[in-house]
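Okay, here's what each chain looks like letter by letter:
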Amino acid sequence: MSADGLIVVDKPGGMTSHDVVARIRRLARTRRVGHGGTLDPMATGVLVIGVGRATRLLTYVIGATKSYTATIRLGQTTVTDDAEGEVTAATSAAGVTDEAIRSALAALTGEIDQVPSAVSAIKVDGQRAYKRVRDGETVALAARRVTVSRLAVLAVRRDAPDLVDVDVDVTCSSGTYIRAIARDAGLALGVGGHLTALRRTAVGGFTLDEAATLPELEQRAPDVVPLPLAAAADRFFPRRDASGDEARVLSHGGPLVAAGIAGPYAVFGPAGELIAIVSEREGRARAEIVLAPA
């Protein structure tokens, strides 16, 4: 069985995030596997996988800033806001200037209220929105406040009549839908738009540079975890080193004196072992999750 820790996987296209989790369960020889943020089947790139006790870190991974490269196609609208859905409208984008494209995308930068794609995993009355759409329902989702801190145009390509493909580089908060950016840019330009390619390049500090493909993990099985639990926490969180007495108190759920560290942060024992993830309030550092072995 693999050690507790995180794996940065380069997800291939055509697989769901759950498919990847199922594959890692087989390779790691454990059922205790989860992922830190869904990628659509069409999308590729960074998918952070937690194994064993490291699955408890995934709540924090899901909330991390994420980066993507993507291609927006202007001139067509689809039911899913991406290339996997049926084209529902087509309007020539031949007359849309590069300046207008950059202006429309600039308006979608910063803190914005974004309506998620109707074909998303958001639950509506207990059922996923995408299932309701596939069953023929019309789904209207509420807008959510998200932050798009970077939306850079890498290239504008006019390779087909009436269509314009725009390659972009995006850094955004958790919960941002890149498909919705494509949809909204097309709407603003009056020609419709959808996403034809999406690759996640980073989640927090985890990047494609350290991502392993599934064939590479197959070759290493069952030793598929490159970032053991303590090393993963040290990478992802601010660090506090505790004395032996402090480690004992914290491992039993007791509080420590606040150290003035912006949290959440990881606390390590004298031997370098991970004790807990804590946050500070009212002069105390209290465990959000205790990770010291029982």
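Just so we're clear, the structure is a prediction, and the values are computed from it rather than from any experiment.

Trainee: Would you mind showing me how to read the side chain of Asp10 here?
Mentor: Inspection of the secondary structure puts Asp10 in strand β1 (residues 5-11). Asp10 sits in the buried class, given a relative accessible area of 17%. Among the polar contacts listed, one links the side chain of Asp10 to the side chain of Arg199, at a separation of 2.8 Å. Aside from chain neighbours lying at most four places away, what touches Asp10 is Gly45, Arg199, Leu208, Ala211, Ala212 and Thr213.

Trainee: So what exactly am I meant to see when it comes to the packing of aromatic side chains here?
Mentor: Aromatic rings considered in pairs are described by the distance between their centres and by the relative angle of their planes. On inspection of all chains with the given rule, the structure shows 3 aromatic pairs. Between the aromatic rings of Tyr60 and Phe237, the centroid separation amounts to 5.1 Å while the plane-to-plane angle is 80°, which identifies the pairing as edge-to-face. Taken as a pair, Tyr60 in helix α2 (residues 58-62) and Phe237 in the loop between α7 (229-236) and β15 (239-241) lie far apart in primary sequence, 177 residues in all. Looking at Tyr60, the relative accessible area reads 17%, which means it is buried.

Trainee: Looking at this structure, I do not really get the nonpolar core. What am I missing?
Mentor: Core analysis: the biggest nonpolar cluster contains 31 residues, and Ile72, Leu74, Leu105, Val166, Ile178 and Ile181 have the highest contact counts within it. Elements supplying a minimum of two residues to this core: β4 (66-74), α3 (98-106), β10 (144-160), β11 (163-172), α5 (178-189) and β12 (193-203). The residues touching Ile72, leaving out its near neighbours within four places in the chain, are Leu105, Val164, Asp165, Val166, Val168, Ile181, Ala182, His194 and Leu195. Formed by 24 residues, the second largest nonpolar core is a distinct cluster that contains Leu57, Tyr60, Phe206 and Ala266.

Trainee: I would appreciate a short explanation of the pattern of salt bridges in the present structure.
Mentor: This structure, assessed with the given rule, holds 20 salt bridges. Of the charged contacts in the structure, one is a salt bridge between Arg158 and Asp98, with a shortest N-O distance of 2.8 Å. Linking Arg158 in strand β10 with Asp98 in helix α3, this pair joins segments that are 60 residues apart in sequence. Residue classification places Arg158 among the partly exposed positions, given a relative accessible area of 40%. The salt bridge involving Arg150 is made with Asp169; its shortest N-O contact spans 3.4 Å. Of this pair, Arg150 sits in strand β10 while Asp169 sits in strand β11, and the two are 19 residues apart along the sequence. A relative accessible area of 38% means that Arg150 is categorised as partly exposed. Counted as one network, the salt bridges with shared partners bring together Arg73, Arg157, Asp159, Asp165 and Asp167.

The rules we used
Residues numbered from 1 in each chain as written. Predicted model: local features only at pLDDT ≥ 70, side-chain atom pairs only at ≥ 80, totals over all residues. Heavy atoms only, no water. Helix = DSSP H or I, 4+ residues; strand = E, 2+ residues; numbered from the N terminus. Buried < 20%, exposed > 50% of the residue type's maximum accessible area, 1.4 Å probe, protein only. Polar contact = N/O pair within 3.5 Å; in protein donor to acceptor, adjacent residues only side chain to side chain. Contact = heavy atoms within 4.5 Å. Phe/Tyr/Trp six-rings, centres within 6.5 Å; stacked < 30°, edge-to-face > 60°. Core = buried A, V, L, I, M, F, W, Y, C linked by side-chain atoms within 4.5 Å. Salt bridge = Lys/Arg side-chain N within 4 Å of Asp/Glu carboxyl O.

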